Structures are given as C-alpha cells and as structure tokens.
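# Topology and contacts: notes
The lines below spell out each chain.
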Protein chains: 2
Amino acid sequence: MTMPPNLIADSRTDRARLSSTDWEAGALDLLAEQGVSAVAVEPLARRLGVTKGSFYWHFPSREALLKAALERWEKLDEETVFEPLEGIADPAERLRELFVRTSKEMRSHVLYSELLKALDHPVVQPVMARVSQRRIHFLMQAYRALNFSRKDAMNRARLAYSAYVGFLQLMLQLKLTRMSVEEFDAYVGHVVETLIPIR
Amino acid sequence: MTMPPNLIADSRTDRARLSSTDWEAGALDLLAEQGVSAVAVEPLARRLGVTKGSFYWHFPSREALLKAALERWEKLDEETVFEPLEGIADPAERLRELFVRTSKEMRSHVLYSELLKALDHPVVQPVMARVSQRRIHFLMQAYRALNFSRKDAMNRARLAYSAYVGFLQLMLQLKLTRMSVEEFDAYVGHVVETLIPIR
DNA sequence: TATTGTCAATACGGCTGCGTATGGTGCTAC
DNA sequence: GTAGCACCATACGCAGCCGTATTGACAATA
C-alpha cells in the first residue's frame, strides 16, 4: 500500500523541490511579516516544509540569502513604482500621482517599513541607501521643475520623503491611528496641498 | 603584597555595588547605542563589570528591566521636552520653539530613533504609543489655536510628526545625508516655513 | 563577635540559531 | 539500468542568551 500523493498545496506550487527563487520569495514574505531578524534559516525551512539541509545547497549563508532577496526586491520596486511615473510630463501632476499612487497597495510599504527598522544591518543599509537616494532625487527633480531653487527643492524633497517614511512607521508599526479610508484619503489630500505648490 | 585599589573609573561611580538605577541607566545607554535587542542581560552585565548573578537580584527578568528603563525614559522625556514649552502663549511661537529646540541635543533623539525600530516589541509598543499620542496631541492643540479646523489640525499634526519621525530615521539610522550645521538649520527653517502658517 | 541583609560569582540546563558533514532519494540522460 | 546531478534529511558541534540554584563576600548593625 503506497502513500497517496500529497494533495494539500502549501505556499509554494507544492509538488517537489525548491529553487533559490523560492527561498528568496519566502524570505521576503517572512521579512514583510516579522522583520529582518525573522529571516532565519531554520524557521524559513520549517515554513517551506523542508530542513536547512536544503537551504545550504542553494545559499552559502543566511547573509547571502538576505542579500539576494533584497536585491530582487530593489529591482522589482524600481520597475513598479518609478518607471510608470516617468511618462507624466507635468511635474506637479507627477508628484500628485506619486503621492496618491504610493498610498495604495500596501505590501510594498509593509516591506519597506520593516527594512526601516533594520537600517543598522550591514546588508540592509546599502540597499536602503540606494533606494532612498533615488526616491529623494526623483522628488527633488520634480520640485526643481516647479521652479524651486536648488536648496529649496532639496529641502522640500527631504521633507516630503521624511513625511512618507514617518507616516509609514506611525501607521504600520505603531498602529497609532487606525484610520478609515475616508480619513486616509483626506490626509493624503492635506499632504498634497501642503507640500505641492498650487500651479 | 595587596592589590592597590582600582583607580580606573568605569562608567558607574566605580567603587562598589550596583543599584537597580545603575542597571536601568546602563540599559538606556546600550539601547541608544545598539538598539533594543542589544539590551541583553549578559552583555550588559559584562559592560558593567559584573556577572548576571547580580542582575537577577535586582530584576526578575530582562523584560522587567526594559520596562523599568523605558518608563524612566518616558517620564524624563516629558519633563525636559514639553513642560518648558507650556509657558509660551503664542501657538505659532510655541511650534517654532518646539521645532527648533527639538533639533538640538541629539541623545534623546537617538534613543527615540532606536525605539522606532522596535515598535513591534510588546514592551516598547505601549510606551511609544503613549509618547507619540501626547506629542501629536500637543501639535494638534497648537494648530487648533491657529484657527485650523479640527480635521486640518489633526492632519497637519500628523504630517508634522511624521516628518519628524521620518527625518530621524533618515538622518540617524540611514546616514543618508551628513549635513553641515548650516544645511541643517536651513532645513529646519524650510520645515518651519512650510508647516507653520505665516502669522 | 555574631547576625542579617545586600550584592555578586559560579555553575548549570535549556533553547534557538548558525554552519558542516555525510549520506539518501528521485529524476534525467545515456 | 546505471551514472550523475540536484535537492533534501539527519546528525553534529558551536555559540549566545535566558533563567535558576547555590554559595560567597562584605557591610552595617546588634
């Protein structure tokens, strides 16, 4: 009497072995849910239904996994967030779109927010430095196009990005204010009015 | 031949035993330097020049130490930051003073910034919730006094506080921009102009 | 001097995570 | 069908931290 094939689909496409990609995806899931420190080999292996014997075939160390996963994230993030905005010519409109669009789809922000809590980690730090640098630069360019002086554009970009980062922490980590959808939209509206000059 | 008395003063007032207060102070130091997870019993004991045999006489657990230390911090913080501002009658002036004064003396911010990275921790979370709530409320009151509508005041307070929180992370954790003193003052000036209405 | 109270050292067991070593299983190719 | 590759299990040693138990050192006090 042979065992029936496993019919319960678990997270991965079930049937069969894992690839490096599966491990990276699992790492990002865990990262979003429980932070960087939760991305540990043995827990992740348990979660994927294997043992760490498998892991060390794909990666030389935990660090290597983290690095690979974050680089995957960085690439994906750039493609989905900023490339779509390149097409918008009017800078004010571009900023508005960024603010509003950013306020949707949480998953990306949850992950970003977890990474903010691990800025001291040697693997996380350079990735976040690059990503933040790019984003702030994007903002600055837009303000420049709105006739801000170089210094004002830089300061306003810093302010806008700080507001984004801070709001993430307050909303997602400290669940200080569980806002309704209407409240949230009103807040985003207020931010747009305050940080983007009229015409 | 007896040993000479130890002449090297190490952190605590040297000569002799520790009190609960010494442990709490040491915990806050470690917290500011290396984050919540670094507040561990054995490392802290080593740092204080004793063994954990001592620690468990003063505290029942690591959690208890953390709790005590954070409550001490919370109390101290309130006294030094907000009470001095209560005296300023003009709300715009009060806000300006808060912004500018906050931009000095780093130690407090370093600690706050580390706590921001541990908002998921069950001991940290309630403390930070209280502190942030109070601060946002303070801001809101000031904006109310500036004739903001209830909703606008709330949103502006959220925005201002988010900007503070985000800037802390970007400056202290990600050392994205090592700004000069002049640049920094200019940034604070820009923030004041942007977030506090004229007259 | 004897006693008590306060702080500290030592030693232990338990848990969790990292990384290594080695062997096993199933698919694929020839 | 057998050789080889890709993936995985098992078992091990090591390190760090938690918390407990027991004993010791030293001071103040009686």
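What you are looking at is a predicted structure, and each value in this text was computed from that prediction instead of being measured.

### Quick look at the relation of the copies chain B and chain A
- With an RMSD of 0.0 Å, the fit of chain B onto chain A corresponds to turning through 180° and sliding 0.0 Å along the axis. The two molecules are tied by a two-fold rotation axis, judged by turn and shift.
- Take the interface residues of chain B: 100% of them recur as interface residues in chain A, which is what a same-surface contact looks like.

### Brief notes about helix α2 (residues 41-48) of chain B
All names here are of chain B.
- Within the sequence span of α2, burial applies to V41, L44, A45 and L48. The buried residues of α2 all sit within an arc of 100° when viewed along its axis, so they share a single face.
- Taken together, the buried residues of α2 touch α1 (20-34), α3 (52-58) and α4 (62-81).

### Examining the domain arrangement of chain A
Residues and elements named next belong to chain A.
- As assigned here, chain A comprises domain 1 (18-66) and domain 2 (82-195).
- On the side of domain 2, 10 residues touch domain 1, which itself brings 10 residues to the contact.
- Here domain 1 packs against domain 2, burying approximately 770 Å² in sum over the two surfaces, 68% of which is carbon and sulfur.
- Of all residues in domain 1, the largest losses of buried area upon contact with domain 2 belong to A32, V36 and E63, amounting jointly to 51% of the total for that side.

### A closer look at the protein's contact with DNA strand C
- Surveying the vicinity of DNA strand C reveals 19 residues, the closest of which are K52 of chain A together with R17, T51, S54 and W57 of chain B.
- Among atoms of DNA strand C positioned within 4 Å of the protein, sugar and phosphate together represent 54%.
- R46 of chain A places a side-chain nitrogen or oxygen 3.2 Å from a phosphate oxygen of DNA strand C.
- Here a base oxygen of DNA strand C sits 2.5 Å away from a polar atom, N or O, in the side chain of R17 of chain B.
- For the surface near DNA strand C, the secondary structure elements donating two or more residues are α2 (41-48) and α3 (52-58) of chain A together with α3 of chain B.
- The biggest single contributor to the surface near DNA strand C is α3 of chain B, with five residues.
- Classifying every residue of the surface near DNA strand C gives seven nonpolar, six polar and six charged.

### What to know about the packing of helix α7 (residues 124-145) of chain A against helix α8 (residues 150-173) of chain A
Residue and element names in this part refer to chain A.
- Two elements in contact, α7 and α8, have axes separated by 8 Å at closest approach and are oriented at 130°. What the angle tells us is that α7 and α8 run oblique. Like other packed secondary-structure pairs, α7 and α8 cross with a definite hand, here right-handed. Here α7 contributes S132, R135, I136, L139, M140, Y143 and R144 to the contact with α8, which in turn contributes R150, A153, M154, R156, A157, A160, Y161 and Y164.
- Across the contact of α7 with α8, the residue classes break down as 10 nonpolar, one polar and four charged.

### Here we look at the interface of chain B and chain A
- Contact with chain B, which involves 36 residues of that partner, is made by 36 residues of chain A.
- Counting the surface chain B buries against chain A, the share from its top three residues, R158, L174 and H190 of chain B, is 18%.
- There are two salt bridges connecting chain B and chain A.
- A salt bridge links D120 of chain A to K117 of chain B, with the shortest nitrogen-to-oxygen separation between them at 3.4 Å.
- If you look at where chain B meets chain A, you find six residue pairs in polar contact (both at pLDDT 80 or more).
- Listed by contribution, the elements that provide at least two residues to the side of chain B that touches chain A are α7 (124-145), α8 (150-173) and α9 (181-195) of chain B.
- No other element matches the 14 residues that α8 of chain B contributes to the side of chain B that touches chain A.
- Considering only residue class, the side of chain B that touches chain A consists of 18 nonpolar, 11 polar and seven charged.

### Digging into the environment of P84 of chain B
- Structurally, P84 of chain B is set in the loop between α4 and α5 (91-102).
- Beyond its immediate sequence surroundings of up to four residues, P84 of chain B is in contact with E79 and R101 of chain B.

### What to know about the protein's contact with DNA strand D
- Around DNA strand D sit 18 residues in total, of which L18, T51, S54 and W57 of chain A together with K52 of chain B are the nearest.
- V41 of chain B places a polar main-chain atom, nitrogen or oxygen, 2.8 Å from a phosphate oxygen of DNA strand D.
- One of the side-chain nitrogen or oxygen atoms of Y56 of chain B is found 3.1 Å away from a phosphate oxygen of DNA strand D.
- Contributions of two or more residues to the surface near DNA strand D are made by α3 of chain A together with α2 and α3 of chain B.
- The element that contributes the greatest number of residues to the surface near DNA strand D is α3 of chain A, accounting for five residues.
- Here the residues of the surface near DNA strand D are counted per class, giving seven nonpolar, five polar and six charged.

### Quick word on unusual backbone geometry
Residue and element names in this part refer to chain A.
- One non-glycine residue, N147, adopts positive backbone phi at about 70°.
- Relative to the helices and strands, N147 is located in the loop between α7 and α8.
- Taking the relative accessible area as the measure of exposure, N147 reaches 74% and is therefore exposed.

Cut-offs and rules
By convention here, each chain's residues receive numbers from 1 onward along its written sequence. Throughout, the order in which chains and ligands are written sets their labels, letters from A for the former and numbers from 1 for the latter. Two thresholds apply to this predicted model, a pLDDT of at least 70 for residue-level local features and 80 or more for giving and counting side-chain atom pairs, whereas whole-chain, interface and lining totals are computed over all residues. The basis for every side-chain value is the complete set of non-hydrogen atoms in the structure, without hydrogens or water. In superposing the copies, a least-squares fit is computed on C-alpha atoms, taking residues whose pLDDT is at least 70 in both. Any two residues having at least one pair of non-hydrogen atoms within 4.5 Å are treated as being in contact. Exposure classes here rest on a 1.4 Å probe applied to the protein chains alone. A residue is buried below 20% of its type maximum, exposed above 50%, and partly exposed in between. Secondary structure elements are defined from DSSP: runs of H or I of at least 4 residues count as helices, runs of E of at least 2 residues count as strands, and each element is numbered from the N terminus. Read the arc as the range of directions from the helix axis to the C-beta atoms. What fixes the domain bounds is an automatic or database domain assignment. Here the buried area means the combined drop in accessible surface, using a 1.4 Å probe, for two parts upon being joined, counting both sides. Whether a residue is near a molecule or strand depends on its heavy atoms: if one lies within 4 Å, it is near. Two N or O atoms form a polar contact when they lie within 3.5 Å of each other; inside protein one atom must be a possible hydrogen donor and the other a possible acceptor, and for residues adjacent in sequence the pair counts only when both atoms belong to side chains. Put simply, Ala, Val, Leu, Ile, Met, Phe, Trp, Tyr, Cys and Pro go in the nonpolar bin, Asp, Glu, Lys and Arg in the charged bin, and everything else, Gly too, in the polar bin. Note on geometry: axes are lines fitted to C-alpha atoms, helical ones only across the stretch in contact, with angles between N-to-C directions running from 0 to 180 degrees. An angle below 35 degrees is read as roughly parallel, one above 145 as roughly antiparallel, one from 65 to 115 as roughly perpendicular, and any other as oblique. If you view the pair so one helix is near and one far, a crossing is left-handed when the near helix is turned anticlockwise from the far one by less than a right angle, and right-handed when it is turned clockwise. Definition used for salt bridges: Asp or Glu carboxyl oxygen within 4 Å of a side-chain nitrogen of Lys or Arg.

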